[in-house]
Amino acid sequence: MRRGRVELPADVRPRDSDPAAEAALVRAVLDALPSPTTLIDADGTILLTNSAWDDMADLLGSDLLVGVGGSYFAMALHMQDDGTNRALIASLGELSRGERTSVSSDYALPHAGGVTWFHLQATRLREAGHVVVTHTDVTSRVRAERASTWRSRHDPLTELPNRARLHELIDTELRRPGRPAVTVLFLDVDGFKEVNDSLGHEVGDDLLRQLAARLIERTRAEDAVGRLGGDEFVVLCTDCDVDGAEALAERFRTSFDRPFDLGGRVARLTASIGVATAREGDSDVRSTDLVRDADLAMYAAKAAGRNGVRTFSSELRSAAQYRLLVAAELEEAIETGQLVLHYQPVLHLPTGQVSGVEVLVRWEHPERGLVPPMEFIPVAEQHGLIVPLTHWVLRTATRQTAEWARAGLTLITGVNISASHFATGTLVDDVAAALAAAGLPPEQLILELTETSVAEDPRGAAAQFAALRVSGVEVSIDDFGCGYSSLSQLVSMPAGVLKIDRSLVNGLDDASGQSAAAIAAVVSLGQACGMRSLAEGVETAGQLRMAAELGCTFAQGYYIARPMPADQLERWMPEHARQRAVVAGRA
């Protein structure tokens, strides 16, 4: 396309100048601009164009761009007769009349080769109302911005919608006029942490991609699958009531029946799934409510034994609100001294003497009375209060044990340590600080960790156990026999005591029973690893006798003594010694 010969407008031509020379100069100036540029009058007629404009017209075709003498306004409406372009034309008219100082806009220009994005910038020339319009190609910028926006709304690992995008999708569906029931499924992989920890994050990432693919395979076209983070996935099910959602959840759960390929290893996993539904006509439901309710249902499914589906109910919300209340009150209880410690005696079987105690925390609630640990310890775990709670227990128990020692009562005190505290890596320093503050020798403290918590991170457990034992603090593996730690982990674990789980001790009726055989094996295993054994949950004289005959070093349980406050223990100890002396005299 060629530009026509046109007289230079007066508003861009200096007085007493050669019009032809000045026109050539202005054309040269416009040609020097890299962006397609036009000069238009107040009616939108194109007066001048530069080389970049002509090159773009040749590239895109004369049916899209017009030249000198054509109407810029008509061209814009020919491209797209919509509110945006009509507003642009109106703005250019206002600029021409001096009612505004500039016009700026981004727009897309579709053509045979695709879509090109331009940034339009217009400026008025003097009094005649002519306007210079520059069009800068910003396609690369727009594509980068769109890519950035896409990344901000999608999970980079699975390319599924992320948390923010999922909430957008759910809220959009909930606000849709006349929409039917909307359901959200919350899926959590059982055992994902073990895969990540044992096989590495690369294998864990590959597992998440496999999971995403399987969920998409089982999802209807109108639904959406997203990843909240970690191993948590959410499925938005449109036009889906509770029954349909439960059926869909079962489809997702059965997708785990097929083993996963984890870096050449074959693994079977399960999933716990929560279901929450916003019924037709529920106008006040938000995405945060629906996802939260599905999350609560998922945790209920996991607590019921994993690999199941649970539908949300109002009772679950009430229970969550109660736990939140308990958490707030527990935090205050730790700070205001509502907690107390009870001590359960531990019997040294070879001598029959009480050699130590296990510390058990109790909560003396000002309104509900004595609250047992099973009601607040899980809440403390869930709401991040277990570490401050353990700090308080360590300080109080070591101080009490030191006071007994000064009064002539030497006992070894056992304190239970949570897996979450264990995972912080501060356990060794926390114990050292409590011992130093109380002035208690480390040999009078034993820390108890469950077998399952040790199995979660055996290397970390071994390192901290070794550091504690070097300092003089003994370490015990609690509830042994109900967990999943391997023999190799046990052999390499620098612990000094194995506490045999009460489930084995409860079946200890005679030497020929299966429980007796299992306890004998545990005792032998412990001895081979340099560990002593403790039978917990002893409730009868027969169980106590059998524990001694099978080689257990220690025993504790209700038959020996129930947990009691410190002052009651001080009175119980001499009475127990007298009873033992009487029994020994009769023997």
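Figured I'd write up the structure that's included with this text. Given the structure is predicted, the values throughout are model-derived calculations rather than measurements. (Residues numbered from 1 in each chain as written. Predicted model: local features only at pLDDT ≥ 70, side-chain atom pairs only at ≥ 80, totals over all residues. Heavy atoms only, no water.)

**Some thoughts on helix H4 (residues 83-96)**
Then, number 1: Taking 1.5 Å of rise per residue, the 14 residues of H4 would be expected to cover 20 Å, and the 20 Å separating its terminal C-alpha atoms lies within 8% of that figure.
Then, number 2: Among the residues of H4, those classed as buried are Asn85, Leu88, Ile89, Ser91, Leu92, Gly93, Leu95 and Ser96.
Then, number 3: Along its buried surface, H4 packs onto helix H3 (72-79), strand E3 (102-111), strand E4 (114-125) and strand E5 (130-137).
Then, number 4: Looking at the residues trailing H4, positive phi occurs at glycine 98, about 80°. (Helix = DSSP H or I, 4+ residues; strand = E, 2+ residues; numbered from the N terminus. Expected span 1.5 Å × (residues − 1). Buried < 20%, exposed > 50% of the residue type's maximum accessible area, 1.4 Å probe, protein only. Contact = heavy atoms within 4.5 Å.)

**Some details on the sheet that holds strand E1 (residues 37-40)**
Then, number 1: Strand order in the open sheet made by the 5 strands is E2-E1-E5-E4-E3, with antiparallel pairing throughout. Both outer strands of the open sheet, strand E2 (46-49) and E3, are each paired with one neighbouring strand and no more. Strand after strand, the sheet turns through a mean of 25° between neighbouring axes, direction not considered.
Then, number 2: This element, H3, spans E1, E2, E3, E4 and E5 of the sheet and lies at about 125° to E1. (Pairing = 2+ DSSP bridges. Axes fitted to C-alpha atoms, helices over the stretch in contact; angles between N-to-C directions.)

**With respect to the nonpolar core**
Then, number 1: One finds Leu339, Leu389, Val415, Val431, Leu447, Ile519 and Leu569 to be the most contacted residues of the largest nonpolar core, which totals 76 residues.
Then, number 2: The element that contributes the greatest number of residues to this core is helix H13 (residues 386-406), accounting for 8 residues.
Then, number 3: Filtering out sequence-adjacent residues up to four positions away, leucine 339 remains in contact with Leu330, Ala333, Ile334, Val361, Arg362, Trp363, Leu389 and Trp392.
Then, number 4: With 30 residues, the next largest nonpolar core counts Cys237, Phe252, Leu269 and Ala271 among its residues. (Core = buried A, V, L, I, M, F, W, Y, C linked by side-chain atoms within 4.5 Å.)

**Remarks on the sheet that holds strand E11 (residues 270-278)**
Then, number 1: Strand order in the open sheet formed by 5 strands is E7-E8-E6-E11-E12, and the pairing between neighbours is mixed. The sheet is open, and its two borders are formed by strand E7 (224-229) and strand E12 (309-311), each paired with just one other strand. Mean inter-strand twist for the sheet, computed between neighbouring axes without regard to direction, equals 20°.
Then, number 2: Taken together, the 9 bridges between strand E6 (residues 182-190) and E11 define a ladder with antiparallel strand orientation. Bridging across to E11, leucine 187 finds its partner in isoleucine 273.
Then, number 3: Here helix H10 (residues 287-303) sits on the sheet and contacts E6, E7, strand E8 (232-237), E11 and E12; the angle it forms with E11, its principal contact strand, is near 145°.

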